[in-house]
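Below are the chains, spelled out letter by letter.
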Number of protein chains: 2
Amino acid sequence: KQALLKRNPEAKIISLGVGDTTQPLVPHVAERLAQSALALGTTKGYSGYGPEQGELLLREKIAHKLYHNCIRPHEIFINDGAKSEVGRLQVLFGRDVTIAVQDPSYPVYVDTSVIMGQTRSYDTKLHQYSGITYMLSTPENGFFPQLQEVPRTDLIYFCSPNNPTGTVATRKQLTQLVSFAKKNRSIIIFDSAYAPYIRDPNLPRSIYEIPGANEVAIEVGSFSKMAGFTGVRLGWSIVPDDLLYDDGTPVRTDWHRIHSTFFNNASNIAQQGGIAILDEMGLQQIEQVIDYYLENTRIIKEALEDLGISTYGGSSAPYIWAAFPGRKSWDVFEEILENKQIITTPGSGFGPGGEGFVRFSGLARREEVVEAIERLQPTKSRTEQLIQLT
Amino acid sequence: KQALLKRNPEAKIISLGVGDTTQPLVPHVAERLAQSALALGTTKGYSGYGPEQGELLLREKIAHKLYHNCIRPHEIFINDGAKSEVGRLQVLFGRDVTIAVQDPSYPVYVDTSVIMGQTRSYDTKLHQYSGITYMLSTPENGFFPQLQEVPRTDLIYFCSPNNPTGTVATRKQLTQLVSFAKKNRSIIIFDSAYAPYIRDPNLPRSIYEIPGANEVAIEVGSFSKMAGFTGVRLGWSIVPDDLLYDDGTPVRTDWHRIHSTFFNNASNIAQQGGIAILDEMGLQQIEQVIDYYLENTRIIKEALEDLGISTYGGSSAPYIWAAFPGRKSWDVFEEILENKQIITTPGSGFGPGGEGFVRFSGLARREEVVEAIERLQPTKSRTEQLIQLT
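Below: a short report on this structure. All values reported here derive from a predicted model rather than from experimental measurement.

So, the overall build of chain A
Move 1: Across its full length, chain A holds 13 helices and 15 strands.
Move 2: Taking 390 residues into account, the globule formula puts the C-alpha radius of gyration at 21 Å, and chain A, at 22 Å, falls close to it.
Move 3: Counting only C-alpha atoms and orienting by the principal axes, one finds that chain A spans roughly 65 × 55 × 40 Å.
Move 4: Expressed as a percentage of its 390 residues, the buried residues of chain A come to 61%.
Move 5: Counted over contacts in chain A with a minimum sequence separation of 6, partners at least 24 positions apart contribute 71%.
Move 6: Within chain A, the 44 negative side-chain charges are centred at a point lying 2 Å from the centre of the 38 positive side-chain charges.

Shown next as structure tokens:
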């Protein structure tokens with residue numbers, strides 16, 4: 001991007017790259033955040049350290065509105081977002097565990113694993129760390145790993161709707177995953193940060209929709225993509241009572257200890273914002289923003305398909321996974337940036353299984369999306385002609 | 001406390017225990033927090049993920065207002081408070097390091113060390129973990145360890161003004177500490193969370209006031225006790241460019257990597273609040289709140305001294321360390337709770353060196369402080385007579 005801007009300072013670059021939200025907070029939530037900030041300036045409304053696991057009302061609302069009370073408030077831990085929570089989960093399990101990740105997947109699972117010392121060497125040919133099992137997820141296997149080929153690991157990181165592929169595991173697939181974990185005595189760390197983008201009632205929004213999952217899975221959820229809280233910072237994790245170590249002791253007890261020693265909870269202002277998100281009015285308003293992003297994604301996906309590019313995901317997630325078979329992701333990325341001045345994300349950044357793909361994000365402004373798909377047309381647009389003249 | 005309330009549900013308990021702030025946010029800060037929340041609800045004011053090390057303006061203000069530009073903005077990392085940051089520092093250094101802590105000290109240094117696996121066994125007689133060097137800090141050594149008796153460790157945690165003793169290391173003492181670290185090639189992790197309570201210009205507010213400290217020390221600062229942000233969550237750490245590993249590579253590069261992999265920065269709302277705190281008006285207003293707490297502390301200290309109890313700290317920190325030689329901290333705690341219905345913090349909770357002391361906190365409401373010292377008088381107050389009747 002910097003190189004392009006150097007050569008062509010006039011370039012109007014559109015980013016469909018980083019998965020960051022672009023739409024303002026909804027009024028109901030912004031107002032509640034402001035009210036709660038002002039309340040902290042009053043004797044009556046001031047509060048200091050909050051409850052260790054986060055505000056009870058927020059945990060009750062998450063249990064009720066997002067988990068239909070199949071999860072209980074004391075099993076929920078409020079946090080400042082999924083990234084930090086994944087890091088703390090690494091601290092919980094320590095450096096002597098083995099992990100499996102979807103390939104491609106959100107890079108933080110692997111990065112935190114490497115930093116914790118769970119891996120040994122890096123294979124520059126395979127682009128894999130030893131000590132990590134990469135579960136290849138491609139169009140050929142419907143983006144769900146062939147579990148019979150996967151060796152046992154202590155932990156299995158699984159993200160659905162998936163970042164970066166935008167695909168969602170079906171109920172049947174998650175049922176297989178839960179059985180697999182149960183058989184192997186593995187713990188699934190299920191990342192449901194994009195669950196609010198699922199509109200198909202047949203697709204599971206939570207691992208706990210699968211019977212028995214509460215005995216094998218931790219879930220990590222987030223308000224970031226649900227309500228534009230990428231900057232405000234708020235999320236949660238769930239460690240059910242029924243999740244036990246091999247010796248029969250509950251994981252939740254350890255997690256409580258680590259969570260409250262390595263963390264002092266999310267900002268009280270953000271937590272009040274979370275409560276507002278889960279009000280009826282909040283939920284209605286954020287639904288419209290999610291609709292907006294999903295419409296962006298639909299527009300991009302349709303345009304790519306019209307160009308003959310195979311795409312995946314994008315109907316229940318803000319991401320489209322576009323296939324460029326036989327090509328290097330970074331070459332495709334550079335070509336799109338150079339020729340169309342559109343930033344995407346090279347698939348190989350998500351693991352070796354992402355090679356040959358780029359990710360398009362619908363978390364953009366509509367006018368940018370419309371401009372971007374116009375640029376993507378094979379007939380030369382005026383902008384493109386101008387670029388070629390420079 | 002629960003036991004007392006069960007026996008005597010009418011008991012009006014005053015807490016001078018947990019070090020939590022009680023005074024409302026100052027108007028300048030509460031208003032800025034509210035404004036920044038409302039701005040997030042507008043197209044123009046919305047922002048998602050922020051800069052990896054935190055808002056530049058906030059880092060510039062910290063460098064300028066708190067460090068007189070002897071620290072540069074790129075050496076500052078914004079965070080969500082000292083507790084989480086200490087945890088991330090443990091992740092930076094990993095489980096194979098040796099550490100030294102002041103004894104007594106803020107329990108999080110030891111707790112995170114144990115969780116990381118730096119320690120092996122716990123000696124139930126000495127109340128010490130093997131693998132940790134406890135630097136005894138008592139009235140006899142002026143609450144500064146006899147460094148000539150301290151073995152070399154990789155890290156030295158040092159908190160000044162100290163929690164729990166409320167004492168402050170002098171410039172001469174910190175100069176010794178810096179030389180000691182330099183000689184041993186140790187890294188000091190200097191916790192300055194209570195520095196805003198220092199009014200004596202001869203006492204150092206930062207380790208970087210000591211020449212050469214930038215080659216041996218990381219500093220952790222916080223807005224929690226400075227501006228009542230215990231619930232809002234905002235702090236910073238400093239890793240100077242000149243702090244190098246033995247192989248000559250900068251610690252800062254690693255820290256940047258770990259900080260941005262295990263953390264996604266503090267809430268953008270809280271960061272705007274931090275900027276407001278460091279405005280001229282913000283600084284003036286928080287000064288008054290700190291004065292209020294320091295006056296509380298002075299009142300408590302005077303009352304204790306009048307009762308013939310030896311006290312330490314309390315003039316440059318919100319804590320008073322009260323000595324009860326030959327007695328168990330928990331017995332003293334229980335006696336004060338039972339007889340005076342005042343909660344303190346037993347010194348032994350801060351390490352074996354805290355045995356025989358209790359901590360009184362001035363972070364309370366004035367009316368509670370006044371009521372508490374009245375109860376502490378040896379003449380029986382009406383409340384106390386009532387208790388004895390029940």
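On we go.
Observations regarding the relation of the copies chain B and chain A
Move 1: Least-squares fitting of chain B to chain A yields an RMSD of 0.0 Å, with the transformation described by 0.0 Å of translation along the axis and a rotation of 180°. Such a combination of rotation and displacement between the chain copies is what one expects of a two-fold axis. Judged by C-alpha distance, Ala34(B) is the residue of chain B that lies nearest the rotation axis, at 2.0 Å.
Move 2: Interface overlap between copies is the fraction of interface residues in one copy that are interface residues in the other; for chain B against chain A it reaches 98%, indicating a shared surface.

Structural notes on the pattern of salt bridges
All names here are of chain A.
Move 1: Tallied over the full model, the rule gives 44 salt bridges over all chains.
Move 2: Linking Arg152 and Asp154 is a salt bridge whose minimum nitrogen-to-oxygen distance equals 3.0 Å.
Move 3: Accessibility expressed as a relative area gives 23% for Asp154, which makes it partly exposed.
Move 4: Taken together, the shared-partner salt bridges in this structure form one network comprising Arg72, Glu75, Asp241 and Arg252.

With respect to the sheet that holds strand 6 (residues 132-136) of chain A
Residue and element names in this part refer to chain A.
Move 1: Overall, mixed pairing links the seven strands, which are arranged 2-10-9-8-7-3-6 in an open sheet. In this open sheet, the two strands that pair with only one neighbour each are strand 2 (76-79) and strand 6. Across the sheet, the mean angle from the axis of one strand to that of its neighbour is 20°, orientation sign disregarded.
Move 2: Lying over the sheet, helix 3 (residues 56-66) contacts strand 2 and strand 10 (235-238), oriented at roughly 115° with respect to strand 2.
Move 3: Lying over the sheet, helix 6 (residues 171-184) contacts strand 7 (155-159) and strand 8 (187-191), oriented at roughly 170° with respect to strand 7.

A few points about the nonpolar core
Here is a general trend for soluble globular proteins: nonpolar side chains tend to be buried in one another's company.
Move 1: Counting residues in hydrophobic clusters, the biggest one holds 106 residues, and the most contacted among them are Phe223(A), Phe229(A), Phe223(B) and Phe229(B).
Move 2: In this structure, Phe223(B) is in contact with Leu58(B), Ile62(B), Gly228(B), Phe229(B), Leu234(B), Gly235(B), Trp236(B), Gly274(B), Ile277(B) and Leu278(B), ignoring residues within four places of it in sequence.
Move 3: Leu89(A), Val239(A), Trp255(A) and Val220(B) belong to the second largest nonpolar core, which has 60 residues in total.

Thresholds applied
Residues numbered from 1 in each chain as written. Chains lettered and ligands numbered in written order. Predicted model: local features only at pLDDT ≥ 70, side-chain atom pairs only at ≥ 80, totals over all residues. Heavy atoms only, no water. Helix = DSSP H or I, 4+ residues; strand = E, 2+ residues; numbered from the N terminus. Rg over C-alpha atoms; globule rule 2.2 N^0.38 Å. Buried < 20%, exposed > 50% of the residue type's maximum accessible area, 1.4 Å probe, protein only. Contact = heavy atoms within 4.5 Å. Lys, Arg positive; Asp, Glu negative; His and termini not counted. Charge placed at Lys NZ, Arg CZ, Asp CG, Glu CD. Least-squares fit on C-alpha atoms with pLDDT ≥ 70 in both. Salt bridge = Lys/Arg side-chain N within 4 Å of Asp/Glu carboxyl O. Pairing = 2+ DSSP bridges. Axes fitted to C-alpha atoms, helices over the stretch in contact; angles between N-to-C directions. Core = buried A, V, L, I, M, F, W, Y, C linked by side-chain atoms within 4.5 Å.

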